[in-house]
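Single-letter residue listing:
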Amino acid sequence: MKVHYFTALVDGPTRPNQEVYLRALGTLPLVNIILGKFKKKQVRCSNSACTFAGNRFFDVPEEKRTDVNIAIFLLDDAYQNQCDHSIVVSGDSDLVPAISLLKVRFPQKRVTVYVPSRNPIRGAAVELRSVADKHRILPLILLPFSQFPNPLPDGAGSLLHKPASW
């Protein structure tokens, strides 16, 4: 068994928290962390009631490569026969083509999708659910049992501490 954890490093005040979490994940031998990136994207403010006379374009961070990385690793693991069953925790419909291709090329391999959102609109992920063999709602009751101990030895002689804001 192997766990691929896909994310991108955020900019801003929460980055140290994310870095502590990634270092904690790095202590687990079965976890492989794959980083995408954030790219700034210019968007125009579309609020017609806004009376701001200045520049109506703003930089908004957009996560890049994460969905592509998930798709590549899903297919690569299947082609290398590294798994019989993939579990994907996402609601991103960009993964539909990769899961569909995986099911065509490897019909014996199973894919279960856990959609983490509780939002009835965002959490629908109808297309993504439809291409998977099974789909589930992420059971929130398991989250308290899925925490790292605090503090956590980092494997290099130091301790990782859970951020106070968590």
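Residues numbered from 1 in each chain as written. Predicted model: local features only at pLDDT ≥ 70, side-chain atom pairs only at ≥ 80, totals over all residues. Heavy atoms only, no water.

(A) Region of the structure containing the sheet that holds strand E7 (residues 134-137). Read from one edge of the open sheet, three strands run E5-E6-E7, paired in parallel fashion. Edge strands, defined here as strands with exactly one partner in the open sheet, are strand E5 (85-89) and E7. Across the sheet, the mean angle separating the axes of adjacent strands is 20° when strand polarity is ignored. (Pairing = 2+ DSSP bridges. Helix = DSSP H or I, 4+ residues; strand = E, 2+ residues; numbered from the N terminus. Axes fitted to C-alpha atoms, helices over the stretch in contact; angles between N-to-C directions.)

(B) Spotlight on the packing of aromatic side chains. Using the criterion set out here, one finds four aromatic pairs in the structure. Here the aromatic rings of Tyr5 and Tyr21 are separated by 5.9 Å at their centres, their planes lie at 70°, and the arrangement is edge-to-face. On the criterion of sequence distance, the pair formed by Tyr5 in strand E1 (residues 3-7) and Tyr21 in helix H1 (residues 15-25) is long-range, its members being 16 residues apart. A residue is classified by how much of its surface remains accessible, and Tyr5, at 27% relative accessible area, is partly exposed. Taking the relative accessible area as the measure of exposure, Tyr21 reaches 29% and is therefore partly exposed. Geometrically, the ring pair formed by Tyr21 and Phe148 is edge-to-face, given 6.2 Å between the ring centres and 70° between the ring planes. Taken together, the positions of Tyr21 in helix H1 and Phe148 in the loop between E7 and strand E8 (152-153) put the pair 127 residues apart, joining distant regions of the chain. Through successive ring pairs, a cluster of aromatic residues spans Tyr5, Tyr21 and Phe148. (Phe/Tyr/Trp six-rings, centres within 6.5 Å; stacked < 30°, edge-to-face > 60°. Buried < 20%, exposed > 50% of the residue type's maximum accessible area, 1.4 Å probe, protein only.)

(C) Broad picture of H1. All of the buried residues in H1 are Asn17, Gln18, Leu22, Ala24 and Leu25. Projected down its long axis, H1 shows its buried positions confined to an angular sector of 155°, all on one face. Structurally, H1 contributes buried residues whose contacts are with E1, strand E2 (31-35), E8 and strand E9 (159-160). (Arc of directions from axis to C-beta. Contact = heavy atoms within 4.5 Å.)

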